[in-house]
Amino acid sequence: MKNRSRLLQQGTPGTGNVLYWMSREQRASNNPGLIFAANLAKERGKHLEVLFVLDDTFPEANQRSFSFLLEGLQETKTTLESLNIPFNLRLGNIPSIIISYLHLHKNALLVIDFNPLHHALAWKKELLSSLSIPIYEVDGHNIVPCWIASEKQEFAARTFRPKINRHLYEFLYPMPENETLRQEYSFIPETTDWKEILSSLKIDRSVEPVKKSSGETAARKTLQTFIHERIGRYATERNHIETDGCSGLSPYLHFGQISALEIALKVMNDTPADANREAFLEQLIVRRELAENFCYHNPDYDSFDGFPSWAKKTLLQHQRDEREHLYSLADFEQARTHDELWNKTQSVLVKSGTMHNYLRMFWGKKILEWSPSAEEAMQIAVYLNDKYQLDGRDPNGYTGCAWCIGGVHDRPWFNRPIFGNIRYMGANKFKNKQPFDPNLETE
Ligand SMILES: Cc1cc2nc3c(=O)[nH]c(=O)nc-3n(C[C@H](O)[C@H](O)[C@H](O)COP(=O)(O)OP(=O)(O)OC[C@H]3O[C@@H](n4cnc5c(N)ncnc54)[C@H](O)[C@@H]3O)c2cc1C
């Protein structure tokens, strides 16, 4: 198997089981971190166990994201335990719990998921400074591991595409079947009261759960439906706001309930090699992994400071430009702008946890146009995106907001008020179109 892992720290192995700390990749199937940990356990004559830690102080922790996460984990626990792999859930401060768990169980070594975002880097740092057992990291999120795809922050898709394509075929192969993970191990599975856990969490309950089913089975069903019903129109219809032309896979990808590799292989196997397939794989692989590259190499991925220098310069030059409309965070959040389409888009987001791909761009561009500065616009967009999007708190979200407001992965356009050289987007193309509303859909 091509290497998706790297050794973060050598150390002295404990005498107990191998521990896989599952965090970003919340699935039992096609999970490179889990497979890597299982192989290490076999090689060393040990057993594998899985730990998941839930921290309700996580930024933007709310009922919507936590109920989706817990529903998905239920299925993961059941599948793992059917393979005799213990799955233990703990609540509290993530690094402290992992450290005390490892001390208690004297685990041989630790395998963790790759994640380029700030909170995960802080957890990793704490683990590395507190533990003396070997620690490995596995990139189960990207098809080509982020550290292999490129060694630097890429300017745009055009500079990233040849780099990722150079490595892609080394990594495009199926993962071993679940059955190969089965171990001979008798243990008493922990009982987990999922409802009780959800109700005990101190989270924002005002952001309500969505109607979308969670978990690996639901993710595969969504993929299957997309392949049967919509991928054949993807290239032409993905930007039509009045139809549901996209896959709807982003929440499953965000919570790691399905792997991008599984999706890519299935699409390559089951659909003709045409413009639709190409357009979809461009988003799933090039754009998605470019977003990971941005967050991995740019510590200011979620703020004005992370924008390219040409964009910062032009935005600062236009900071004092007169704004016809100016709104506060509360105005945006409560959909109280003068623009009917923007308000409708925001209301759909608040209610359904999603937004059409093309409208996400319009939504972000208008936040720039109607905010006192680009710096505030970025803060507002990131805050709303993370709070309400089911797929929020994701490299794709930070990069999407930074593309709209700060020209990330884009080029300078014609100079105009407020935007300077940042690409503008007006509402003309949406005239007389009713945006697709997932609230009106039934599953
Ligand atoms: C302002 C703004 C905010 C965004 N916030 C998020 C977010 O919080 N989470 C998120 O996952 N995506 C975000 N995106 C990117 C994109 O809009 C969504 O990934 C896409 O709409 C999800 O719907 P889908 O799964 O049906 O996409 P599809 O069109 O079916 O694409 C399949 C997959 O490809 C990836 N993808 C598609 N478009 C992009 C893109 N532009 N950049 C990177 N990857 C892409 C996603 O993983 C997606 O699930 C944002 C874009 C913008 C402009």
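None of the values given here were measured: they were computed from a predicted structure.

Procedures and definitions
- Residues numbered from 1 in each chain as written.
- Predicted model: local features only at pLDDT ≥ 70, side-chain atom pairs only at ≥ 80, totals over all residues.
- Heavy atoms only, no water.
- Phe/Tyr/Trp six-rings, centres within 6.5 Å; stacked < 30°, edge-to-face > 60°.
- Helix = DSSP H or I, 4+ residues; strand = E, 2+ residues; numbered from the N terminus.
- Buried < 20%, exposed > 50% of the residue type's maximum accessible area, 1.4 Å probe, protein only.
- Near = heavy atom within 4 Å.
- Polar contact = N/O pair within 3.5 Å; in protein donor to acceptor, adjacent residues only side chain to side chain.
- Areas by Shrake-Rupley, 256 points an atom, 1.4 Å probe, with all protein chains shown as cover.
- Nonpolar A, V, L, I, M, F, W, Y, C, P; charged D, E, K, R; others polar.
- Domains from an automatic or database assignment.
- Contact = heavy atoms within 4.5 Å.
- Buried area = accessible area lost by both parts, 1.4 Å probe.
- Salt bridge = Lys/Arg side-chain N within 4 Å of Asp/Glu carboxyl O.

S.K.: How would you summarise the packing of aromatic side chains if you had to cite specific residues and measurements?
M.R.: Geometrically, a pair of aromatic rings is defined through the distance of the ring centres and the angle of the planes. Under the defined criterion, the tally for this structure stands at 19 aromatic pairs. Residues Y301 and Y398 carry aromatic rings whose centres are separated by 5.1 Å and whose planes lie at 50 degrees to one another, so their mutual orientation is tilted. Separated by 97 residues along the polypeptide, Y301 in the loop between α12 (275-297) and α13 (309-317) and Y398 in helix α18 (residues 395-406) bring together distant segments of the chain. Between W342 and W363, the aromatic rings sit 6.4 Å apart at their centres with planes inclined by 5 degrees, giving stacked as the arrangement. Note that W342 is positioned in helix α15 (residues 340-352) and W363 in helix α16 (residues 357-369), a separation of 21 residues in sequence. In this pair, the class of W342 matches that of W363, namely buried. Through a chain of ring-to-ring contacts, the aromatic side chains of Y327, F332, W342, W363 and W370 assemble into a single cluster.

S.K.: Summarise the site of the ligand; cite the residues concerned and give the values.
M.R.: Every one of the 23 residues lining the ligand counts as a neighbour, but Y234, S247, G248, N357 and N385 are closest to it. A distance of 2.5 Å is found between an oxygen atom of the ligand and a side-chain nitrogen or oxygen belonging to Y234. Here S250 contributes a backbone N or O atom positioned 3.0 Å from an oxygen atom of the ligand. Taking 830 Å² as the accessible area of the ligand by itself, protein coverage stands at 93%. Contributing elements (two or more residues each) for the shell around the ligand: α10 (250-254), α12, α16 and α18. Counted by class, the shell around the ligand contains nine nonpolar, 10 polar and four charged residues.

S.K.: Give me the lowdown on the environment of T180, citing residues and values where you can.
M.R.: Position of T180 relative to the elements: it lies in the loop between α6 (157-171) and α7 (194-200). A residue is classified by how much of its surface remains accessible, and T180, at 43% relative accessible area, is partly exposed. For the pair formed by T180 and I35, sequence separation is 145 residues and the distance between their alpha carbons is 8.9 Å. Looking at T180, its side chain comes within polar contact range of the main-chain oxygen of E177, at 2.6 Å.

S.K.: Give me the domain arrangement of the protein: which residues, what numbers.
M.R.: On domain assignment, one finds that the protein holds domain 1 (5-149) and domain 2 (304-440). Taken together, the contact pairs 10 residues of domain 1 with 14 residues of domain 2. With both chains or domains summed, domain 1 and domain 2 bury close to 860 Å², and 62% of this area falls on carbon and sulfur atoms. Broken down residue by residue, the surface that domain 1 buries against domain 2 is led by E60, R64 and L117, which jointly contribute 63%. Summed over the shared surface of domain 1 and domain 2, the result is zero salt bridges. Here domain 1 is connected to domain 2 by five residue pairs in polar contact (both at pLDDT 80 or more). The residue makeup of the side of domain 1 that touches domain 2, split by class, is five nonpolar, two polar and three charged.

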